[in-house]
Amino acid sequence: MRGRLAAGLAMTAAAMLAGPAAQADSLEYVAMGDSAAAGPLIPHQNINLLCLRSDRNYPAVAAKELGASLRDVSCSGAVTADFAGKRFGFIPAQFDALRPSTDLVSVTIGANDSGLFQQALSCLNLLPEPAGISCADRLTAGGKDQLAAAVDAWAPKLGAALDEIRERAPQAKILVTGYGTYIRPEGCHPVQPVWAKDGRYLQSVMNRVSAAARAQAQQRGATYVDFAAITVGHDICAAPAQRYLEGLIPTSPAAPLHPNARGMAAFGKAVAAAAR
């Protein structure tokens, strides 16, 4: 009896002593990015409603998987300039979350810089082709692809941001994510009121953003995490219970054209796997 009691006391003491050390050694994770990381309207939202950030977004899922301490500064609507500057003039720059002791950084950015999300709503056509105006035709008129040009102009800005992250967090593993496969090539009009040709165009721009992110990450020794592959078959045309990405009228709590909680769970597991 005394032997078992002594052993129990020893184990308790060891656990108490190990507690602070374990906390000190926990992975320091900083999550940066836009709404595709923040998770607007997914319950439960951070008290800072200006950023529409969920406690079930992919950074939160990844941090739980990794047992990491999380500093999540992702913010809906963010552009790459918000990494260095104050959003709305008072939300701290996302770079400010980085420390020399930071172990892991995830970055999801670019869709707002390219104007893609803003233009997507202009692609709605309630009636089938050809009863309307194609946004693909409008945005590529005269042989100039406006959104593709915007993506190409943005790519070096991401590269400079990754250099700054490396400068501020020299020991950190940097994960750069792409964006999802939002719509299948044949579309699904009228379930989602976007013509197939316009859906293909919008997805091609999203793929261009992701490809630029991959290239900038690889040039700097960062790790790219492919969300497009994860969402194939789970796009806005899928049955509601199978969707990782919501359509124009969400069928689960999430913002239109954004990941839902199922999507964030899948993304978080992929980020955690890449971090390991």
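It should be noted that the structure appears before, not after, this text.
## Some words on the state of the cysteines
As enumerated under the stated definition, the model contains 3 disulfides in all. With a sulfur-sulfur separation of 1.9 Å, Cys-123 is cross-linked through a disulfide to Cys-135. Disulfide Cys-123-Cys-135: torsion about the S-S bond near 100°, hence right-handed. On the criterion of sequence distance, the pair formed by Cys-123 in the loop between helix 5 (116-120) and helix 6 (135-139) and Cys-135 in helix 6 is long-range, its members being 12 residues apart. Residue classification places Cys-123 among the buried residues on the basis of a relative accessible area of 0%. For Cys-135, a relative accessible area of 1% translates into the label buried. Between the sulfur atoms of Cys-188 and its disulfide partner Cys-237 the distance amounts to 2.1 Å. Across the disulfide from Cys-188 to Cys-237, rotation about the S-S bond amounts to roughly -80°, and the bridge is consequently left-handed. Here Cys-237 lies in the loop between helix 9 (227-231) and helix 10 (261-275) and Cys-188 lies in the loop between strand 4 (173-177) and helix 8 (196-219), a separation of 49 residues in the sequence.

## Digging into the packing of helix 3 (residues 58-66) against helix 10
Orientation of helix 3 relative to helix 10, taken along the N-to-C sense of each, is 50°, at an axis distance of 7 Å. Of the possible angle classes, the one that applies to helix 3 and helix 10 is oblique. Note on packing geometry: the crossing formed by helix 3 with helix 10 is right-handed. Contacts from Tyr-58, Val-61, Ala-62, Glu-65 and Leu-66 of helix 3 reach helix 10 at Met-264, Ala-265, Phe-267, Gly-268, Lys-269, Val-271, Ala-272 and Ala-275.

## With respect to the packing of aromatic side chains
Per the counting criterion, the structure on display carries 4 aromatic pairs. Between Phe-227 and Phe-267, the ring centres sit 4.0 Å apart and the planes meet at 5°, which makes this aromatic pair stacked. With Phe-227 in helix 9 and Phe-267 in helix 10, this pair connects stretches of sequence that are 40 residues apart. Take Phe-227 and Phe-267: they sit in the same class, and that class is buried. Every member of this aromatic cluster is reached through a ring pair, and the members are Tyr-58, Phe-227 and Phe-267. In this structure, Arg-87 packs its charged tip against the face of Phe-88, placed 4.5 Å from the ring centre.

Reading guide: rules and limits
- Residues numbered from 1 in each chain as written.
- Predicted model: local features only at pLDDT ≥ 70, side-chain atom pairs only at ≥ 80, totals over all residues.
- Heavy atoms only, no water.
- Disulfide = S-S within 2.5 Å.
- Helix = DSSP H or I, 4+ residues; strand = E, 2+ residues; numbered from the N terminus.
- Buried < 20%, exposed > 50% of the residue type's maximum accessible area, 1.4 Å probe, protein only.
- Axes fitted to C-alpha atoms, helices over the stretch in contact; angles between N-to-C directions.
- Parallel < 35°, antiparallel > 145°, perpendicular 65-115°, else oblique.
- Left-handed = near helix turned anticlockwise from the far one by under 90°.
- Contact = heavy atoms within 4.5 Å.
- Phe/Tyr/Trp six-rings, centres within 6.5 Å; stacked < 30°, edge-to-face > 60°.
- Lys NZ or Arg CZ within 6 Å of the ring centre and 35° of its normal.

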